[in-house]
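Residue strings, one per chain:
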Amino acid sequence: MELKNIILEKEGNLAIVTINRPKALNALNSETLKDLDLVLENLESDKNIYCVVLTGAGEKAFVAGADISEMKDLSEEEGKEFGLLGNKVFRRLEKLDKPVIAAISGFALGGGCELAMACDIRIASERARFAQPEAGLGITPGFGGTQRLPRLVGEGKAKELIYTCAMIKADEALRIGLVNKVVPLESLMDEARAMANLIIANAPIAVKLCKDAINRGMQVDMDSAIVIEAEDFGKCFSTEDQKEGMTAFIEKRNKNFLNK
Ligand code: CAA
């Protein structure tokens, strides 16, 4: 796999994905989006990886948005194509069958905030800044911001942020529920790894099914959602990990999940 703008590293059961275009503050051009698609294909088929941390190279930016120089001269049709490409890759990330933690050092703007929102969990450094600045550039958010931001922080707050293009600091992002945790910049990756290790310590198929039940259940009414939950709950009982987890509890010993 030849990647131009992304670094993929694997440490045991953890994958670290780093968007690496620091000279453009990790802005997402189509080349980088295609790299991310390749990385996701690799991670989907790697049964040894149980959790992913997604970050941006350097301390200044997570991702400063979609690449403005690439978008500047697009036609209506080309703009739609670019939006569809970003949305397709972000949806693949959102549906990846293992949790993804975004580790956000600095700017997460436009497509950068949208990328973070396609992850399961967001950890921000105290220096992180968030905005959807698109309306100030004459466009709408195009990689899921109009859809994921209201789902995460509520419709009123999302409309305020998108219409005003206001840039918010990490503590405000925490207050409104846009991020899960704020930590000092120096400990950002340690905190992300520590959370990933808590996830990795649990039964991988159960974690995967938890993600599936939450993701699919959030898109449907409650009566349909509890059917999805029951299906995923039932699937756990065909796994070795369910037998091991419950037997270990009954026998008052440490559990030893498969592949650990
Ligand atoms: N696209 C392309 N290049 C970008 C970029 C972007 N989104 N963001 C930063 N860069 C480039 C700059 O052009 C600059 O390149 P040069 O050195 O070649 O001039 C380099 O990164 C460093 O940036 P600045 O000199 O601007 O750094 P700064 O410290 O003065 O400002 C910043 C930092 C506030 C993040 C500023 O760069 C900025 O406002 N960037 C754009 C943010 C933005 O509007 N993002 C949304 C894009 S639209 C979008 O994402 C649509 C969508 O939903 C899909």
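The structure this text deals with has already been given above.
On a predicted model such as this, the values are computed, not experimentally measured, just so you know. (Residues numbered from 1 in each chain as written. Predicted model: local features only at pLDDT ≥ 70, side-chain atom pairs only at ≥ 80, totals over all residues. Heavy atoms only, no water.)

### Brief notes about the site of the ligand
Test applied: For each residue, the test is whether any non-hydrogen atom lies within 4 Å of the molecule or strand; if one does, the residue is near. Whenever a nitrogen or oxygen atom comes within 3.5 Å of another N or O atom, the pair is scored as a polar contact, on the condition that within protein one atom can donate a hydrogen and the other can accept it, and that pairs from neighbouring residues in sequence are kept only if both atoms are in side chains. In this description, accessible areas are obtained by the Shrake-Rupley approach with a 1.4 Å probe, and a residue is regarded as covered only by the protein chains that are shown.
The environment of the ligand is formed by 23 residues, the closest being K60, A66, G111, E114 and E134. The contact in question runs from a nitrogen atom of the ligand to an N or O atom on the backbone of A64, over 2.9 Å. A66 has a polar backbone atom sitting 2.8 Å from an oxygen atom of the ligand. Burial of the ligand by the surrounding chains reaches 61%, relative to a free accessible area of 980 Å².

### Digging into a negative patch on the surface
Cut-off, in case you're wondering: Surface patches are drawn from residues lacking salt bridges whose relative accessible area is over 30%; two like charges belong together within 9 Å, two nonpolar side chains (Val, Leu, Ile, Met, Phe, Trp, Tyr) within 5 Å. Between Lys or Arg on one side and Asp or Glu on the other, a salt bridge is scored when a side-chain nitrogen of the former is within 4 Å of a carboxyl oxygen of the latter. When charges are tallied, Lys and Arg are placed among the positive residues and Asp and Glu among the negative ones, while His and the ends of the chain are skipped. In this description, the location of a charge corresponds to atom NZ of lysine, CZ of arginine, CG of aspartate or CD of glutamate. Per the convention used, a helix needs a DSSP run of H or I reaching at least four residues, while a strand needs a run of E reaching at least two, with both numbered from the N terminus.
Taken together, the side chains of E76, E77, E78 and E81 present a region of like negative charge at the surface. With respect to the helices and strands, the residue E76 is situated in helix α3 (residues 76-94).

### Notes on the environment of K181
What counts here: In this scheme, a residue with accessible area under 20% of its type's maximum is buried, one over 50% is exposed, and one in between is partly exposed, where area comes from a 1.4 Å probe on protein chains only.
Position of K181 among the secondary structure elements: in strand β10 (residues 181-183). Overall, the relative accessible area of 33% leaves K181 in the partly exposed class. The sequence separation of K181 and A196 amounts to 15 residues, and the corresponding C-alpha distance is 14 Å. At a separation of 3.0 Å, a polar atom in the side chain of K181 contacts the side chain of E191.

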